[in-house]
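Observations on chain architecture
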Amino acid sequence: MRRPVLSFSSICARRYGTSTAGSPIIRIANGTFYRHHPNSTAASTGPNPPLFPDLNFSLPSFSEKGEYWSILGPSSSGKTTFLQILNGKHLCIPPLARSFPYLESEEIERKDHELRNPERAIKRVGFDGEQGLGAQAPQSAYLSARYESRREDTDFSVLDYLQGHTELNPSQDIHGHGVDAGTLERVIKDLRLGDLVDMPVSNLSNGQTRRARIARALLGNPEVLLLDEPFMGLDPPTLLTLSPMLRGLAEKNAPRLVLSLRPQDPIPEWITHLVYLKGNCQVAFQGRKGEVLRELREYVESVKKGDARMDVSMPVHSMHEVGRSLTSSGIVDYIPSATFHPNSQSGASSATKESDKIKYSRDGYAMKDVESPEIGEPLVEMEGALVKYGTKAVLGNWRQKIAGDSEHREGLWWTVRRGERWGIFGPNGSGKTTLLSLICSDHPQTYSLPIRLFGRSRLPSPGQPGISIFDLQSRIGHSSPEIHGHIPKSLTLRQVLENAWSDTFRGKPKLDEDAKERVDAALRWFETDLHPGTGRSDGGLEWATQLLFGGLPFSSQRVALFLRAVIKAPDLVILDEAFSGMDDGVRDRCLLFLAHGETKIFSESSSSNNNTVPEIVDSEVAKRGEVKISGLGKEQALIVISHVKEEIPGSIREWICLPEANTGKSARFGRLEGPIEGDWRRWGEIWGM
């Protein structure tokens, strides 16, 4: 007898309370939040939906058993907004529904009366969309500034930044809030910043910037530290050291920590409680980690069996990688992979015999195949590149064995040809971004090093002119956190995509009819990701000229920058952490688009047991013969940087792993026999683990 179909709300009706000892440091009791007052002019002229209606949450000031929270959810589900609410931001109705009882205690008064102010006691460190090191240490005004030898008055060192000495005319510290020397030394050691203290903050890599921001927040001695996706963009070795350090802080309540994570991020094993969000700023599950993971498993299994209707704001595939836990020995799954079809991204029929199945990567590349693309002429040639600042080398500080040469030669020797698909790996600060800056000619030393780009050097040589910066960058599509930090937020969404045909961020694009059709095609294909929460429109694209880039969710901004890099079909596509900040569904669609353009789509098909299995099928555009974007071509080359194996396109075959700077070890090269995600040993081989 078939069981009755349950609604989603009946599955997640149970809520788990918080057991506290003493007054909670943050308490929210049936509070609803708004960005603007519902009766204000701003609310009447624009969208002002309620945020987390009737929210209940309590963070203990002290807990006998230890209570450590993490916020999970797909991209655009409201994780950052949730942390902002804990930080005291956004309007609360009723006003007294949000309170900070512990901050009103006599203990806090004796400790530091300024901590009674939640803005002082609760600090949030965000990494998704908050580029750089914050207002205390402004970033450079243009991409190449971080590589130049000239130092401005505002190019403060990391040590200055950590100590708060980032003003040109600092006033005397009358409140005695200077940084304790012992604490400073401990934080620098724990976050491995010792070799960076004299470096200008603008020279830090993305991973180093994250560590510096966490260190600065810790030195402010807050009572609560809210970390917004702290593991995004960190290399595996740093990941393994950062989590235990955060655990030590959490166990000492110095400070109390709340982390937000994406579903595919590793959940530290020391986390005890979870809040899982669904779309549109709503809480789906909340409580102890084991109970929440069990609820998630029951929901997934109920949807797969047809006993519950799938909530569109929390689809099954968004939980594909929920439940991972970071341990010293590696990754352990809390939710078995059996809860999600292993070939969900492949298009392999579930009715096919197991022996006949071919496993596919997320973008449709067969795991068993060893693609041999048609290799063309060199696009990038480095013959002994060595980047040094004075006596300090940051790239190429080794002697490398060259094929066909009996001797080891100094510097980096590397060639990228048409048709090749390269992955660049290495620890944070190993020089990956510096390497890309040489290719894009953002680095001034590109002029003097033995580098040829598209067959020409930057400087003229006898009988051959140098390649101009405009000619060079017109042949390269580039998406990176640096691009994200510098592109004007006032551009509309359409202008960001059209910027691929422009010489500068603010320049007028040179668009022909083909370019306009490509932009329209990309906007239609990614409409649900670029314009979330609205569903697909009737085909009109007016929304793309109305939405400002800076007003989009972080995930949508990443998608727009990814499209800007690939839409023109340049000779060389460079994707530097281009998929960080996306949940697995958005990321997989980007990978599919990179491989096949608009010719393929994911289709939700139901088998006889109502098990929802996404498959790769021909799109309606392809069936009509109206394709404008066909994916990465054989005449193009691809370079990808990422620290997450799921973000590596299935087509990547060649790889280079850079050593930590100043170790003297040589870069390692290799070739993959299939997609990285098909075999953990391939990932371990790259990282030497």
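Residues numbered from 1 in each chain as written. Predicted model: local features only at pLDDT ≥ 70, side-chain atom pairs only at ≥ 80, totals over all residues. Heavy atoms only, no water.

**Comments concerning helix H8 (residues 206-219)**
Counted at 1.5 Å a residue, the expected span for H8 with its 14 residues is 20 Å, and the 20 Å between its end C-alpha atoms agrees. When you tally the buried positions in H8, you get 13 out of 14 residues, the bulk of the element. (Helix = DSSP H or I, 4+ residues; strand = E, 2+ residues; numbered from the N terminus. Expected span 1.5 Å × (residues − 1). Buried < 20%, exposed > 50% of the residue type's maximum accessible area, 1.4 Å probe, protein only.)

**Quick word on the packing of helix H7 (residues 181-190) against H8**
Between H7 and H8, whose axes approach to 10 Å, the crossing angle comes to 155 degrees. Taken together, H7 and H8 sit at an angle that is classed as roughly antiparallel. Two packed elements cross with a definite hand, and for H7 against H8 that hand is right-handed. Residue-level inspection shows Thr183, Leu184 and Val187 of H7 in contact with H8, the latter providing Ala215, Leu218 and Leu219. When the residues that make up the contact of H7 with H8 are grouped by side-chain class, the tally is 5 nonpolar, 1 polar and no charged. (Axes fitted to C-alpha atoms, helices over the stretch in contact; angles between N-to-C directions. Parallel < 35°, antiparallel > 145°, perpendicular 65-115°, else oblique. Left-handed = near helix turned anticlockwise from the far one by under 90°. Contact = heavy atoms within 4.5 Å. Nonpolar A, V, L, I, M, F, W, Y, C, P; charged D, E, K, R; others polar.)

**Thoughts on H7**
Looking only at H7, the buried set comprises Thr183, Leu184, Val187 and Ile188. All buried residues of H7 lie within an arc of 130 degrees about the axis, which places them on one face of the element. Among the exposed residues of H7, those oriented more than 90 degrees off its buried face are Ala181, Glu185 and Lys189. Elements in contact with the buried residues of H7: helix H6 (158-163) and H8. The first or second residue beyond H7 is Arg192, which carries a positive phi of 50 degrees. (Arc of directions from axis to C-beta.)

**Quick look at the pattern of salt bridges**
Considering all chains together, one arrives at 24 salt bridges under this definition. Among the salt bridges present, the one from Arg418 reaches Glu377, with a minimum N-O distance of 2.5 Å. Of this pair, Arg418 sits in the loop between strand E19 (412-417) and strand E20 (421-425) while Glu377 sits in the loop between strand E13 (330-333) and strand E14 (378-385), placing them 41 residues apart in sequence. Residue classification places Arg418 among the buried positions, given a relative accessible area of 14%. Looking at Glu377, the relative accessible area reads 41%, which means it is partly exposed. With a shortest N-O distance of 3.2 Å, Arg587 and Asp588 are connected by a salt bridge. If you follow the salt bridges from partner to partner, you end up with Glu377, Arg418, Arg475 and Asp571 in one network. (Salt bridge = Lys/Arg side-chain N within 4 Å of Asp/Glu carboxyl O.)

**Concerning the nonpolar core**
One finds Phe562 and Leu575 to be the most contacted residues of the largest nonpolar core, which totals 55 residues. The residues contacting Phe562, other than those within four sequence positions of it, are Ser479, Phe526, Leu575, Phe579, Cys590, Phe593 and Leu594. Judged by nonpolar contacts, the second largest core, of 48 residues, contains Tyr161, Leu184, Leu191 and Leu274. (Core = buried A, V, L, I, M, F, W, Y, C linked by side-chain atoms within 4.5 Å.)

**Digging into the sheet that holds E19**
In sheet architecture, strand pairing relies on hydrogen bonds along the backbone and comes in two forms, parallel and antiparallel. As summarised here, the arrangement of the 3 strands in space is E19-E14-E21, forming an open sheet in which the pairing is antiparallel. Since the sheet does not close on itself, it has two edges, and those belong to E19 and strand E21 (451-453), each with one partner. Between one strand and the next, the sheet's axes are offset by a mean angle of 5 degrees, whatever the strand orientation. Here E14 pairs with E21 via 3 bridges, running antiparallel. Pairing of Val380 across the sheet is with Leu453, part of E21. Along the sheet face, helix H11 (residues 432-439) touches E14, E19 and E21 and points at about 120 degrees away from the line of E14. (Pairing = 2+ DSSP bridges.)

Purely geometric stuff here, so don't read any function into it on its own.
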